Amino acid sequence: QVQLVESGGGLVQPGGSLRLSCAASGFTFSNYGIIWVRQAPGKGLEWVSAINSGGGSTYYPDSVKGRFTISRDNAKNTLYLQMNSLKPEDTAVYYCAKALVATSTRRPYDYWGQGTQVTVSS
């Protein structure tokens, strides 16, 4: 069955860096766009980044542009999120999610990981 498993979260000081991973299985990873979203305590889901199936197109909201980099290794069925210059407001549970439609990065998303906690604090 389809599985997405995030890892790499943790506690980091403001200004620090983390790299999240999302290991995928149960589907042809290279055919699907994947996104990262996050949920801060007491808040709704916020889209963080997206990447198309081949990895050649990436998308970011202004809140993380220039600090976060999404990438993928289709040979390893793994998605990454490199997060630099982290801020306390980046504290959240981070999830990866698979687009329903092959080659798309847009909603809907049909499978989600369990999430990994990122805490930015001194």
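Refer to the structure above for everything that follows.
Everything quoted here is computed from the prediction, not taken from an experiment.

Caption draft 1: Expanded view of the side chain of Arg 67. Tracing the sequence through the fold places Arg 67 in the loop between strand E6 (58–59) and strand E7 (68–73). Note on Arg 67: relative accessible area 10%, which makes it buried. Only 3.0 Å separates the side chain of Arg 67 from the backbone oxygen of Ser 85, close enough to count as a polar contact. Discounting chain neighbours no more than four positions away, the residues touching Arg 67 are Gln 82, Met 83, Asn 84, Ser 85, Leu 86, Lys 87 and Asp 90.

Caption draft 2: Local environment of the state of the cysteines. Going through the model one piece at a time under the given rule, you end up with one disulfide. One disulfide bridge connects Cys 22 with Cys 96, the sulfur atoms lying 2.1 Å from each other. Of note, the bridge from Cys 22 to Cys 96 carries an S-S torsion of about 70 degrees and is right-handed in sense. Of this pair, Cys 22 sits in strand E3 (residues 18–25) while Cys 96 sits in strand E9 (residues 92–99), and the two are 74 residues apart along the sequence. Relative accessible area serves as the criterion here: at 0%, Cys 22 is assigned to the buried category. Judged by relative accessible area, Cys 96 falls into the buried class, the value being 0%.

Caption draft 3: Summary view of the pattern of salt bridges. Applying the stated criterion across every chain, the model contains five salt bridges. Note that Lys 65 is salt-bridged to Asp 62, the shortest N-O span being 3.5 Å. Assessed through its relative accessible area of 49%, Lys 65 is described here as partly exposed. Given a relative accessible area of 68%, Asp 62 falls into the exposed group. Note that Arg 67 is salt-bridged to Asp 90, the shortest N-O span being 2.7 Å. Remark: Asp 90 occurs in the loop between strand E8 (78–83) and E9 and Arg 67 occurs in the loop between E6 and E7; sequence separation between them is 23 residues. Accessibility assignment for this pair places Arg 67 and Asp 90 in one class, buried.

Rules behind the numbers
- Residues numbered from 1 in each chain as written.
- Predicted model: local features only at pLDDT ≥ 70, side-chain atom pairs only at ≥ 80, totals over all residues.
- Heavy atoms only, no water.
- Helix = DSSP H or I, 4+ residues; strand = E, 2+ residues; numbered from the N terminus.
- Buried < 20%, exposed > 50% of the residue type's maximum accessible area, 1.4 Å probe, protein only.
- Polar contact = N/O pair within 3.5 Å; in protein donor to acceptor, adjacent residues only side chain to side chain.
- Contact = heavy atoms within 4.5 Å.
- Disulfide = S-S within 2.5 Å.
- Salt bridge = Lys/Arg side-chain N within 4 Å of Asp/Glu carboxyl O.

Any functional reading would require information that these geometric values do not contain.
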